[in-house]
Amino acid sequence: MYRALALSGVLAVMCVAFAGDCLAQGSSQRFAFGGVKIPTRSAGGGGLFARLNKPLVPTMPGLPTASPLGLIAPRLSNAVMIFQKGGFSTQAGRLAGIGVLSPRISPVVALITTPPKDPTAIWTYGLTILSPRAAVAVGMIRGAMGLTSGLR
């Protein structure tokens, strides 16, 4: 039962993610007036993994993004981030490449090359060394708290 439910959820997410690409290929009268924005791959969407890797809050170099993909698979998040940060020609891209090999070694390299001055950043790097998924979850919670602070 659990496997069928999980498979149905993954298929639903994939159908929704590719709906924009399918609707962008043909003309639809419902979307002709331009009032509804549909994310497509040609409009900078970058595909399913790039959409799942869109962070709630910006993260420091060497850390998985605070996104659903970072929570599910930190190595895959780092792999997608290589292309989002400009490839291996940038420091963030190189640190993401190291993060693909090991999400726990990438923060150590980032701490050695450019040590942060903020104690919160040092704490986040330390948490990522212990558990990358826990660091992503904390980042997502921080982002959610930041989004709701404007409503108060």
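Scroll up for the structure.
Residues numbered from 1 in each chain as written. Predicted model: local features only at pLDDT ≥ 70, side-chain atom pairs only at ≥ 80, totals over all residues. Heavy atoms only, no water.

K.L.:
Explanation requested: the packing of helix H5 (residues 74-84) against helix H6 (residues 91-101) in the structure shown.
P.N.:
Contact geometry for H5 and H6: axes closest at 8 Å, N-to-C directions at 155 degrees. Of the possible angle classes, the one that applies to H5 and H6 is roughly antiparallel. Read as a crossing pair, H5 and H6 show a hand that is left-handed. Contact with H5, carried on its side by Arg75, Asn78, Ala79, Met81 and Ile82, involves Gly93, Ala96, Gly97, Gly99, Val100 and Leu101 of H6 and no other residues of that element. Across the contact of H5 with H6, the residue classes tally to 6 nonpolar, 4 polar and 1 charged. (Axes fitted to C-alpha atoms, helices over the stretch in contact; angles between N-to-C directions. Helix = DSSP H or I, 4+ residues; strand = E, 2+ residues; numbered from the N terminus. Parallel < 35°, antiparallel > 145°, perpendicular 65-115°, else oblique. Left-handed = near helix turned anticlockwise from the far one by under 90°. Contact = heavy atoms within 4.5 Å. Nonpolar A, V, L, I, M, F, W, Y, C, P; charged D, E, K, R; others polar.)

K.L.:
Just checking my understanding: could you explain the environment of isoleucine 105 for this structure?
P.N.:
Within the secondary structure, isoleucine 105 sits in helix H7 (residues 105-113). Separated by 24 residues in the primary sequence, isoleucine 105 and isoleucine 129 place their C-alpha atoms 7.1 Å from one another.

K.L.:
Which parts of the structure should I look at to understand the environment of alanine 121?
P.N.:
Within the secondary structure, alanine 121 is located in helix H8 (residues 119-130). For alanine 121, a relative accessible area of 7% translates into the label buried. With 62 residues separating them in the primary sequence, alanine 121 and threonine 59 have C-alpha atoms 9.6 Å apart. (Buried < 20%, exposed > 50% of the residue type's maximum accessible area, 1.4 Å probe, protein only.)

K.L.:
Looking at this structure, I do not really get H8. What am I missing?
P.N.:
One full turn of an α-helix is made of 3.6 residues, so residues set three or four places apart face in the same direction. Across its 12 residues, H8 extends 17 Å between first and last C-alpha, which sits within 8% of the 16 Å expected from 1.5 Å per residue. For H8, the set of buried residues is Ala121, Thr124, Tyr125, Leu127 and Thr128. Looking straight down H8, one finds its buried side chains confined to an arc of 160 degrees; they lie on one side. Across from the buried face of H8, at angles greater than 90 degrees, the exposed residues are Pro119 and Leu130. (Expected span 1.5 Å × (residues − 1). Arc of directions from axis to C-beta.)

K.L.:
Mind showing me how you'd approach the packing of H6 against H7 here?
P.N.:
Each pair of packed helices can be described by the angle between their axes along with the distance between the axes. Where H6 meets H7, the axes come as close as 7 Å, and the angle between the chain directions of the two elements is 145 degrees. In this structure, H6 crosses over H7, and the sense of that crossing is right-handed. Contacts between H6 and H7 involve Gln91, Leu95, Ile98 and Gly99 from the first element and Ile105, Ser106, Val109, Ala110 and Thr113 from the second. Of the residues that constitute the contact of H6 with H7, the class distribution is 5 nonpolar, 4 polar and no charged.

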